Amino acid sequence: MRLKDKVAIITGGASGIGEATVRDMVQEGAKVIIADIADEKGQQLAEELNQSEKTTAYCHVDVTKEEEVKKMVEMANDKFGGLDILFSNAGIGDQAASDQLSLEEWQKVIDINLTGLFLCAKHAISVMKNKGGGSIINCASILGHVGQAQTASYTAAKGGVVNLTRALAAEYAKDGIRVNAVCPGYINTPLLDELEEDMLKHLISLHPIGRLGEPKEVAKATTFLASDDASFITGANLLVDGGYTAI
Ligand SMILES: NC(=O)c1ccc[n+]([C@@H]2O[C@H](COP(=O)([O-])OP(=O)(O)OC[C@H]3O[C@@H](n4cnc5c(N)ncnc54)[C@H](O)[C@@H]3O)[C@@H](O)[C@H]2O)c1
């Protein structure tokens, strides 16, 4: 029960890595706001987890809309009495040749995968400061560290997340707020649904461990960073990548 009595918000909490982290944090004793645009899946997950004890609540939020983000943070306060942990995990992928990418497509990925994390951090920090501290974990990617063809907007956004994490860590350490990032390799989630079989095989071959990661493997790393076990860790980018960036 490493997160006993802690209150967490997990954006993109209805699916994949976010869902696995909701489950892991609840198991560790946290109360969790599941924040997403996928209302049906998010509500179902909250209902399932609340069957034994009321540990979660669902919140509709588009992380690109500041008013909705503000309400999400208020909901954590109203429902569970504060906010200790933010896992900013909502994100989308891209797959397009850069010379064919429209400005609208570029902007959408940057808005969700980078600006959305800034907005969530901005509003979470004001609550955490009043409470004397907290832990923010941003979901970056191996593609915040290395490049890849046909993912210009995603790779640019994730590189931004890596350095946003460092900037916020430097700025708010004095307030007791730690800010870190998890940087997953390829993880077996719906985000990969559109990839062709051959592409998946190729991607697997790039991980020395010889397989894709599982969402719960990222969840475990995230819960660690959220917990007091990581009390001297801030500004870090924790690679959870099966060795992808080691070779
Ligand atoms: N799956 C991978 O291989 C992989 C690798 C590295 C990093 N990541 C990152 O992990 C995070 C989670 O991805 P996943 O693989 O679990 O994908 P996923 O598609 O299973 O989950 C993403 C969730 O984000 C939500 N979302 C999308 N846009 C949103 C918005 N504007 N506001 C609120 N919620 C929104 C979706 O509804 C969905 O529930 C993303 O940031 C992704 O970039 C994934």
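For the structure itself, consult the block above.
Residues numbered from 1 in each chain as written. Predicted model: local features only at pLDDT ≥ 70, side-chain atom pairs only at ≥ 80, totals over all residues. Heavy atoms only, no water.

Attention now moves to the overall build of the protein chain. Helix and strand content of the protein chain: seven helices and seven strands. Going residue by residue from the N terminus, the α and β elements of the protein chain occur as β-α-β-α-β-α-β-α-β-α-β-α-α-β. Over its C-alpha atoms the protein chain spans a radius of gyration of 17 Å, differing by no more than 12% from the 18 Å that the globule rule assigns to 247 residues. Taken over 247 residues, the protein chain has a buried fraction of 53%. By sequence separation, contacts in the protein chain at least 24 residues apart represent 72% of the contacts at least 6 residues apart. Entry remark: accessible area of the protein chain is about 11,500 Å², with carbon and sulfur atoms responsible for 52%. Each charge class in the protein chain was averaged separately, 23 positive and 34 negative side chains, and the resulting centres sit 7 Å apart. (Helix = DSSP H or I, 4+ residues; strand = E, 2+ residues; numbered from the N terminus. Rg over C-alpha atoms; globule rule 2.2 N^0.38 Å. Buried < 20%, exposed > 50% of the residue type's maximum accessible area, 1.4 Å probe, protein only. Contact = heavy atoms within 4.5 Å. Areas by Shrake-Rupley, 256 points an atom, 1.4 Å probe, with all protein chains shown as cover. Lys, Arg positive; Asp, Glu negative; His and termini not counted. Charge placed at Lys NZ, Arg CZ, Asp CG, Glu CD.)

Another aspect to go through is the nonpolar core. A general tendency of soluble globular proteins is for nonpolar side chains to be buried together. Within the largest apolar cluster, 38 residues are counted, with the highest numbers of intra-cluster contacts made by Ile9, Ile33, Met72, Leu83 and Ile136. If you list the elements that add at least two residues to this core, you get β1 (7-11), β2 (31-36), β3 (56-60), α3 (66-80), α4 (103-131), α5 (152-172) and β6 (177-184). Considering each element in turn, this core owes the most residues, nine residues, to α4. If near-sequence neighbours (up to four positions away) are discounted, Ile33 is found in contact with Ala8, Ile9, Ile10, Ala57, Cys59, Met75, Ala76 and Phe80. One finds Phe87, Val182, Val218 and Ala221 within the second-largest nonpolar core, a separate group that totals 26 residues. (Core = buried A, V, L, I, M, F, W, Y, C linked by side-chain atoms within 4.5 Å.)

With that out of the way, let us pick up the site of the ligand. Taken together, the neighbourhood of the ligand is formed by 28 residues, with Ser15, Asp36, Tyr154, Ile187 and Thr189 sitting nearest. Ile17 has a polar backbone atom sitting 2.8 Å from an oxygen atom of the ligand. Between the ligand and the protein, one listed contact pairs an oxygen atom with a side-chain N or O atom of Asp36 at 2.6 Å. Surface burial for the ligand is 93%, taken as the share of its 830 Å² of free accessible area covered by protein chains. Those elements giving two or more residues to the shell around the ligand turn out to be α1 (16-27) and α5. Its residues placed into classes, the shell around the ligand shows 17 nonpolar, eight polar and three charged. (Near = heavy atom within 4 Å. Polar contact = N/O pair within 3.5 Å; in protein donor to acceptor, adjacent residues only side chain to side chain. Nonpolar A, V, L, I, M, F, W, Y, C, P; charged D, E, K, R; others polar.)

Packing of α1 against helix α2 (residues 39-49) leaves a shortest axis separation of 12 Å and a crossing angle of 20°. Of the possible angle classes, the one that applies to α1 and α2 is roughly parallel. You can see that α1 and α2 cross each other, and the crossing is right-handed. Only Leu45, Glu48 and Leu49 of α2 make contact with α1, whose side of the interface consists of Glu19, Val22, Arg23 and Val26. By residue class, the composition of the contact of α1 with α2 is four nonpolar, no polar and three charged. (Axes fitted to C-alpha atoms, helices over the stretch in contact; angles between N-to-C directions. Parallel < 35°, antiparallel > 145°, perpendicular 65-115°, else oblique. Left-handed = near helix turned anticlockwise from the far one by under 90°.)

So, about the packing of aromatic side chains. Inspection of every chain in the model, using the stated rule, returns one aromatic pair. Taken together, a centroid distance of 6.2 Å and an interplanar angle of 45° make the contact between Tyr186 and Tyr244 tilted. With Tyr186 in the loop between β6 and α6 (197-205) and Tyr244 in the segment after β7 (237-240), this residue pair connects regions lying 58 residues apart in the sequence. In this pair, the class of Tyr186 matches that of Tyr244, namely buried. (Phe/Tyr/Trp six-rings, centres within 6.5 Å; stacked < 30°, edge-to-face > 60°.)

A separate point is unusual backbone geometry. Positive phi, close to 65°, is recorded for Asp5, a residue that is not glycine. Along the polypeptide, Asp5 turns up in the segment before β1. With relative accessibility at 62%, the residue Asp5 sits in the exposed group.

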